[in-house]
Amino acid sequence: MSSARSVSPALSPAHLCDRPVSPSHRPPKEDYDRPAREIAPLHYTDLLPFNILGGPETREFLLRVAEVSIDYIRETFDRHAKILDFHQPEQLKEVLDLEIPAKPMVLEQVIADCMDALKYQVKTGHPRFMNQLSCGTEVVSLAGEWVTAAANTNMFTYEIAPVFILMEKVTMRHMREVIGYKAGDSILAPGGSISNLYAALAARHKMFPEYKKKGLMALPGQLVMFTSLHSHYSLMGAAAAMGLGTDNLIEVPVDEKGHMLPSELDRLIQEEKGKGKVPFFVCATAGTTVMGAFDPLHAIADVCEKHKLWFHVDAAWGGGVLLSKNQRHKMAGVERSNSITWNPHKLMGTLLQCSTVHFQEDGLLISCNQMCADYLFQQDKPYDVNYDTGDKVIQCGRHNDIFKLWLLWRSKGDEGFEKHIDHLFDMTAYLVQRMKQHPDKFELLNDEPECTNVCFWYVPHRLRTMKAGPERHKILGEIQPILKGRMMTAGTLMIGYQPLDHHPNFFRNIISSQAVRREDIDFMLEELDRLGYDL
Ligand code: ABU
């Protein structure tokens, strides 16, 4: 899709009607300025657009809701406030009124509903929320999300989202430059899993373009794809969704730090070929979900080149390191990839959700996914229809995820983002340093974390003198979920846990929030000991 299309002469500006818009439906000027009536007893019908004179009340209502959000944000950053007020589902159903009424409710109730929704919500922006890869609340990004909601548009065509489409083009080009791609194409997708799926679909399309039309009959044999044992489960989802079957996602062994072993990749590709299967796609991971390991990209690129396979990098988590001169060496070789997933809603702190996928080759995404729906993607529109990006994806509707990222990047610049990433890594280094000062209480699984994942077991008092080894790990694996339960009940700290390979449950602490300070890390270590000492 590289040929520019001309503006339809029938709709060129010279032919546009220049008659003024009739003012007949505008409210009188003085109505904008009058004080709002008390909104508590009013109903939705007193607001715009039901009441065309309801401008002041609409403004008042929205300001009240904005205040509810702002109060929540302030409390989120208050270290003395709890992260959550945990209730079991049945208890929560009792304290909340969630039923849909037959009759309209007054605006006072609508505002109270907003407050209630936030009252029991986990404050994922709290400096002591370390539970997910996406922690933190970036205020400028939040402002972007508010504006996005006000604009409430769909991202499939330039026709209805002209400014946002241009922002998407500029921001995606900038990200490709940061990656090191000379040209290419990109799209925002609903999450890293779908981004990975887009990459695998494009890879199959590149190798077997007839598949789009003819389906399985176009394939010479059973396709297989490769990813590391520690990669994200979405690769398995992609293998299932694409009709390969999960047995045809080959998991490549990793070393003890969680890096894919390129020699094993090479061996497994040859093994699968020997079975008559058709390898087409390799996914390396830059920042594995649990350990935060970065696969060796150059070595994997060499294997892909040797076997002429598509090289995808899942950097949903780790992609942010590309913005830091101190950290980007971890992704050396990424410029050799065919595609990369990179989620700004993780390390970069953009509000959820904001996931991008980038391709080295331009034109492939649209060639792979285009269905030419006549009602949306008319080719005779009065502008260059190359700006209608919606036909590049298998979705139809696409949420506007770009504005909050673009606005955040404008506010920080590349420089601000570099500081942002460096801060996260500084805090991680501090956490590891502090844990190493107390080896009796904290047993580190990755004592030199590559990303901001710090994996560890908390050791309660009674086990501190027990010999390290599988027996102690087994008991520790049973204790960590109990400690997590205590954290949630206390509401003071949230850290996720999981098993991995032969390791029983351990904590995975994530620092991806700009709010985290040394004092939060000091608090965390003390709080773990306070809550878990007697377990
Ligand atoms: N890609 C999913 C992220 C999972 C997590 O936050 O731990």
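Residues numbered from 1 in each chain as written. Predicted model: local features only at pLDDT ≥ 70, side-chain atom pairs only at ≥ 80, totals over all residues. Heavy atoms only, no water.

- The name recorded for the protein chain in an unreviewed UniProt entry is Glutamate decarboxylase, from Scylla paramamosain.
- According to its UniProt record, the protein chain has this under Subunit (unreviewed entry): "Homodimer."
- Of the comments in the UniProt record for the protein chain, the one headed Cofactor (unreviewed entry) reads "pyridoxal 5'-phosphate". (UniProt positions renumbered as here; feature names shortened; annotations may be inferred.)

**Digging into the domain arrangement of the protein chain**
Where interface size is given, it is often the accessible area lost as the parts come together that is meant.
Link 1 in the chain: Here the protein chain is described as being made up of domain 1 (14–123), domain 2 (183–371) and domain 3 (412–532).
Link 2 in the chain: Once you take the C-alpha centre of each, domain 2 and domain 3 turn out to be 29 Å apart.
Link 3 in the chain: Contacts between domain 2 and domain 3 engage 24 residues on the former and 23 residues on the latter.
Link 4 in the chain: Together, the buried faces of domain 2 and domain 3 total about 1,900 Å²; carbon and sulfur atoms form 57% of this surface.
Link 5 in the chain: When the buried surface of domain 2 facing domain 3 is broken down by residue, Val290, Met291 and Leu347 rank first, second and third, together holding 31% of it.
Link 6 in the chain: Taken together, domain 2 and domain 3 are joined by two salt bridges.
Link 7 in the chain: Close ionic contact of glutamate 448 with lysine 257 constitutes a salt bridge, the shortest N to O distance being 3.8 Å.
Link 8 in the chain: One can count 15 residue pairs in polar contact (both at pLDDT 80 or more) joining domain 2 with domain 3.
Link 9 in the chain: Its residues assigned to classes, the side of domain 2 that touches domain 3 shows ten nonpolar, ten polar and four charged. (Domains from an automatic or database assignment. Contact = heavy atoms within 4.5 Å. Buried area = accessible area lost by both parts, 1.4 Å probe. Salt bridge = Lys/Arg side-chain N within 4 Å of Asp/Glu carboxyl O. Polar contact = N/O pair within 3.5 Å; in protein donor to acceptor, adjacent residues only side chain to side chain. Nonpolar A, V, L, I, M, F, W, Y, C, P; charged D, E, K, R; others polar.)

**Some remarks on the site of the ligand**
Link 1 in the chain: As a matter of local geometry, the ligand sits amid Gln132, Leu133, His232, Lys346 and Arg508.
Link 2 in the chain: One nitrogen or oxygen atom from the side chain of glutamine 132 is found 2.8 Å from an oxygen atom belonging to the ligand.
Link 3 in the chain: Note that a nitrogen atom of the ligand is positioned 3.1 Å from one of the side-chain N or O atoms of lysine 346.
Link 4 in the chain: Computed on the free molecule, the ligand has an accessible area of 250 Å², of which 70% lies beneath the protein chains in the complex.
Link 5 in the chain: Per-class residue counts for the shell around the ligand are one nonpolar, two polar and two charged. (Near = heavy atom within 4 Å. Areas by Shrake-Rupley, 256 points an atom, 1.4 Å probe, with all protein chains shown as cover.)

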